[in-house]
Amino acid sequence: MDAIVLGGGLMGTASAYFLTRRGVRVTLIERARIGAGATVASFGNIRRSGRHLSQLPLAARSLALWNEAETLLGRDVEFQPTGHLRLIFDADSLEDMRSYAQAAQAEGLVLDELDPAELHARFPGIGPDAIAASFSPRDGSANPRLIGPAFADAAARAGASVIDEAPVSDIRRTGTGFTVETAKGTFHAAHLLNCAGAWGRAIAARFGEDVPLETWGPQMAVTEPLPHRIAPVVGVWSQAHGAYLRQVERGNVVFGGAVDRVRVAEEPGYARPDPARLPAQVAAVLKLVPALADVAIIRQWSGCEGYVADALPVMGPSGTTPGLFHAFGFCGHGFQLGPGVGSAMAELIAAGQCETPLEDFSITRFAA
Ligand SMILES: Cc1cc2nc3c(=O)[nH]c(=O)nc-3n(C[C@H](O)[C@H](O)[C@H](O)COP(=O)(O)OP(=O)(O)OC[C@H]3O[C@@H](n4cnc5c(N)ncnc54)[C@H](O)[C@@H]3O)c2cc1C
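Conventions and cut-offs
Residues numbered from 1 in each chain as written. Predicted model: local features only at pLDDT ≥ 70, side-chain atom pairs only at ≥ 80, totals over all residues. Heavy atoms only, no water. Helix = DSSP H or I, 4+ residues; strand = E, 2+ residues; numbered from the N terminus. Buried < 20%, exposed > 50% of the residue type's maximum accessible area, 1.4 Å probe, protein only. Pairing = 2+ DSSP bridges. Axes fitted to C-alpha atoms, helices over the stretch in contact; angles between N-to-C directions. Contact = heavy atoms within 4.5 Å. Parallel < 35°, antiparallel > 145°, perpendicular 65-115°, else oblique. Nonpolar A, V, L, I, M, F, W, Y, C, P; charged D, E, K, R; others polar. Near = heavy atom within 4 Å. Polar contact = N/O pair within 3.5 Å; in protein donor to acceptor, adjacent residues only side chain to side chain.

## Details of unusual backbone geometry
Logical step 1: Omega for the peptide link from Glu-267 to Pro-268 comes to 5°, which places this bond in the cis form.
Logical step 2: With respect to the helices and strands, the residue Pro-268 is situated in the loop between β18 (262-263) and α8 (278-288).
Logical step 3: The backbone phi angle of Glu-165 is positive, close to 50°, even though this residue is not glycine.
Logical step 4: Note on placement: Glu-165 falls in the loop between β8 (161-163) and β9 (168-174).
Logical step 5: Since its relative accessible area comes to 43%, Glu-165 is described here as partly exposed.
Logical step 6: One non-glycine residue, Ala-258, lies in positive phi territory at about 75°.
Logical step 7: Within the fold, Ala-258 resides in the loop between β17 (253-257) and β18.
Logical step 8: Ala-258 sits in the partly exposed class, given a relative accessible area of 27%.

Below is the structure:
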């Protein structure tokens, strides 16, 4: 069995790795640099709480793999199961959290509810005005710069061909599979996996499948290094788009959220943060950790991500073309899912079925 994986972000590199481990001959084709799309721009949050319930089985599969990542990949990708703390500032959000926690429990996600006394005792200086919080002890973060190259290198060591910096000029179905023409040669395989992220819509459209996907960029920033005081990833339960932050081991505090995403043109797909939005974002961050009031912000960035109209990804077999599979459009929360997506797609392609339910993510939901 052989397969071409198009797109060398987290989804493509993880799929290439797990397909190769299942004995599939894989060619991974990336038109630019491995891991340099949405993946490298990610905040790095490995968060299950608040996910659409249909994603929780996949998120559980992925979390198990994040825990094994260093062994599987032979490299530290800075996975830190520090726990994920979500602050609550009003009664409606507390109700939302409780009903979500009850529903999510059936899917294996346990959220501890903390009252203000517990919150302040366990996490001093975090959310002084919060009326409660949820804590998901097994979640955490990893380094978005390391994960794509780590999966690609592990796939190559296992036997995959990794072709990067290879602009693609044509992708077509032939009698025996798919042909992909690139600046570095022409490749053929019986199966094609579309992991082109925000650009996956264009590839699906070549095969008559339209997906309502738009390209946007969440806006991120990072502070100067500070003494390490904040252990968990911190976010907010809120109907509005709340802020979130984490402190990396080197001491910098990375933060995002709380402001609108920036519009990104699909081509060339370069996302630019808007400095005018920074003051509102900082004000929201200070509600989480007031002690950050006087620190210097050293960099802002964004990344081109594909947002599907119903906020769910596209995963599974094509509805029009035998041998074609899709895994794209992760709507700003694909980082946590990445290893699980790779192993689920590999199972689906190599074994013809997947033990993790993927039906809700089928591209055929847009066929009508
Ligand atoms: C700023 C930001 C912050 C985020 N924070 C989080 C977070 O904290 N937690 C979380 O879970 N998720 C987060 N996400 C989302 C997460 O990063 C993405 O969902 C995930 O990285 C998507 O991976 P991907 O492989 O699908 O896409 P990408 O990493 O974009 O990879 C797609 C690749 O396909 C290549 N490509 C495109 N067209 C072609 C073609 N025709 N042929 C070959 N290659 C092609 C591109 O060059 C690119 O490298 C964030 C995203 C952004 C932008």
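There's plenty left to go through after this.
## Quick word on the sheet that holds strand β1 (residues 2-6)
Logical step 1: The strand order β8-β2-β1-β12-β22-β21 describes an open sheet built from 6 strands, whose pairing is mixed. Two strands bound the open sheet, and with one partner strand each, they are β8 and β21 (314-317). Across this sheet, the average inter-strand angle for adjacent strands is 15°, counted without regard to direction.
Logical step 2: Strands in contact with helix α1 (residues 10-21) are β1, β2 (25-29), β12 (191-194) and β22 (324-328); relative to β2, the strand with the most contacts, it is inclined by about 165°.

## With respect to the packing of helix α3 (residues 56-73) against helix α9 (residues 334-351)
Logical step 1: Axis separation between α3 and α9 bottoms out at 7 Å; the angle between their running directions is 100°. What the angle tells us is that α3 and α9 run roughly perpendicular. Residues Leu-58, Ala-59, Arg-61, Ser-62, Leu-63, Leu-65 and Trp-66 of α3 lie in contact with α9, whose contacting residues are Phe-335, Gln-336, Leu-337, Gly-338, Pro-339, Gly-340, Val-341, Ser-343, Ala-344 and Glu-347.
Logical step 2: Taken together, the residues that form the contact of α3 with α9 break down as 10 nonpolar, 5 polar and 2 charged.

## Things to note about the site of the ligand
Logical step 1: Neighbouring the ligand are 34 residues, the closest being Glu-30, Ala-38, Thr-39, Glu-305 and Phe-335.
Logical step 2: One of the backbone nitrogen or oxygen atoms of Arg-31 is found 3.3 Å away from a nitrogen atom of the ligand.
Logical step 3: Broken down by secondary-structure element, the contributors of at least two residues to the shell around the ligand are α1, α2 (38-41) and α9.
Logical step 4: In the shell around the ligand, the residues fall into 16 nonpolar, 14 polar and 4 charged.

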